[in-house]
Amino acid sequence: RVLFRSLKMAGLALRDISGVQSTSDFTVALENVLNKTLLASYSITPDTWRTFCNVGSVTDFRPHPRYRTGYMSSLATVLEGAEFVNKTIPDASKESITATTKGNIVSLSRQAIVNDDMGVFSRVAQQIGRAVALTIEQDVYATLALNAGLGPTMNDGLSLFHATHLNVGTGAAISVASIDADRVVLASQKDFQSNEILDLRPSVMVIAIGLGGQARVINMSQYDTDIVANKFLVPNKVVGLFASIVDTPRLSGTRRYMFVDPSLMPVLEVAFLDGQQEPFLEMQEGWRTDGVEWKARLDYGVAGVEFRGAVTNAGV
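Each value, and the rule that gives it
- Residues numbered from 1 in each chain as written.
- Predicted model: local features only at pLDDT ≥ 70, side-chain atom pairs only at ≥ 80, totals over all residues.
- Heavy atoms only, no water.
- Helix = DSSP H or I, 4+ residues; strand = E, 2+ residues; numbered from the N terminus.
- Areas by Shrake-Rupley, 256 points an atom, 1.4 Å probe, with all protein chains shown as cover.
- Pairing = 2+ DSSP bridges.
- Axes fitted to C-alpha atoms, helices over the stretch in contact; angles between N-to-C directions.
- Contact = heavy atoms within 4.5 Å.
- Buried < 20%, exposed > 50% of the residue type's maximum accessible area, 1.4 Å probe, protein only.
- Arc of directions from axis to C-beta.
- Phe/Tyr/Trp six-rings, centres within 6.5 Å; stacked < 30°, edge-to-face > 60°.
- Salt bridge = Lys/Arg side-chain N within 4 Å of Asp/Glu carboxyl O.
- Polar contact = N/O pair within 3.5 Å; in protein donor to acceptor, adjacent residues only side chain to side chain.

### With respect to the overall build of the chain
Next, step 1: On a plain count of helices and strands, the chain comes out with 9 helices and 11 strands.
Next, step 2: As displayed, the chain has an accessible area near 17,000 Å², and 54% of this comes from carbon and sulfur atoms.

Structure representation (structure tokens):
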């Protein structure tokens, strides 16, 4: 109803541009209503990246470092009468993340406003809000897909998932046994100076849509699904291992990913400029053409910030 009134007022103003009123009298009201429509669509568009990515903030468009400190390992034994030995604080490993701007301009013609076409305006606002949300989703999976599914190149020149990083499981079809083997790989990771075993536990599995059902069966079954087929009730040693299973058509093939809870050990990060996660909208009156122009933008970046908190398996 508010949208209808705003469009109608703007339409009446544009019917007679020589009158006392002009579109500038209604731009703020129209922008406010359309902005609410956009943000509503943006907020309800489903996404999966928040399940396994960390949300961060950057202050400008320059590369921003992401440090991961080392561990001091265990304390040294002090014999009777002996001095305490100094232990150095380990240096930190560093990755970086950079925000860029994503956006578009949509022109709203005088004819459309005069015609009071609520359907067109609301659909455009909804589509832009949805497009902004999907852009982040697409960028995250595009980042994960780099280097043939091994993720972005890290500061050491290697892909996020690499044999040298000790985060690539032995290729095997998804099963109780192969998931348990990947779990062991993840738990065996050490800090970057190899002082401390991190003993990380998986929280999220990310997998192609076609394998999602099987992954959920394995995660929820009380008994080993591979052995049950042979009529032996062997307890499932990975039951409930994952808090979330993300199956998505944005992935294909048999490769799967196992992530630690991003609040504990972030692997991928989406960083927003000044922490602003909602798209910015502004409008201005057209001069060369009658109507208004509507610009929506969002400033963010996606990057790999740590390789120790995840394991991938190519499957078969």
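### A few points about the sheet that holds strand S5 (residues 202–208)
Next, step 1: Read from one edge to the other, the open sheet built from 4 strands follows the order S6-S5-S7-S11, with strand pairing classed as mixed. The open sheet is flanked by strand S6 (244–248) and strand S11 (310–313), the only strands paired with a single partner. Across the sheet, the mean angle separating the axes of adjacent strands is 15° when strand polarity is ignored.
Next, step 2: In this fold helix H7 (residues 176–187) packs onto S5, strand S7 (256–260) and S11, with an angle of close to 45° to the strand it touches most, S7.
Next, step 3: Contacts from helix H8 (residues 212–220) reach S5 and S6, with the element oriented near 165° to S6.

### What to know about H8
Next, step 1: The set of residues buried in H8 consists of Gly212, Ala215, Ile218 and Asn219. Buried residues along H8 cover an arc of 125° about the axis, so they all sit on one side.

### Looking at the packing of aromatic side chains
Next, step 1: Tallying each qualifying case throughout the model produces 6 aromatic pairs.
Next, step 2: Ring plane angle 45° and centroid distance 5.4 Å describe the contact between phenylalanine 161 and tyrosine 257, whose orientation is recorded as tilted. Taken together, the residues span a long stretch of sequence, with phenylalanine 161 in the loop between helix H6 (146–149) and H7 and tyrosine 257 in strand S7 at a distance of 96 residues. Assigned by exposure class, phenylalanine 161 and tyrosine 257 land together as buried.

### Considering the pattern of salt bridges
Next, step 1: According to the stated counting rule, one finds 13 salt bridges in the structure shown.
Next, step 2: A salt bridge links aspartate 180 to arginine 183; its shortest N-O distance comes to 2.8 Å. Taken together, the residues span about one helical turn, with aspartate 180 and arginine 183 both in helix H7 at a distance of 3 residues.
Next, step 3: Accessibility expressed as a relative area gives 22% for arginine 183, which makes it partly exposed.
Next, step 4: Among the ionic pairs, arginine 308 bridges to glutamate 306, the shortest N-O distance being 2.7 Å. Residues arginine 308 and glutamate 306 agree in their burial class; the two are buried.
Next, step 5: One network of salt bridges, with partners in common, ties together Glu282, Lys295, Arg297 and Asp299.

### Details of the environment of asparagine 147
Next, step 1: Structurally, the position occupied by asparagine 147 is in helix H6.
Next, step 2: You can call asparagine 147 partly exposed: its relative accessible area is 38%.
Next, step 3: Along the backbone, asparagine 147 and serine 159 are 12 residues apart, and their C-alpha atoms lie at a distance of 6.8 Å.
Next, step 4: Those residues in contact with asparagine 147 that sit more than four places away from it in its chain are Pro152, Thr153 and Ser159.
Next, step 5: For asparagine 147, the side chain forms a polar contact with the side chain of threonine 153, separated by 3.3 Å.

### So, the side chain of aspartate 180
Next, step 1: A relative accessible area of 12% means that aspartate 180 is categorised as buried.
Next, step 2: Aside from chain neighbours lying at most four places away, what touches aspartate 180 is Lys237 and Val238.

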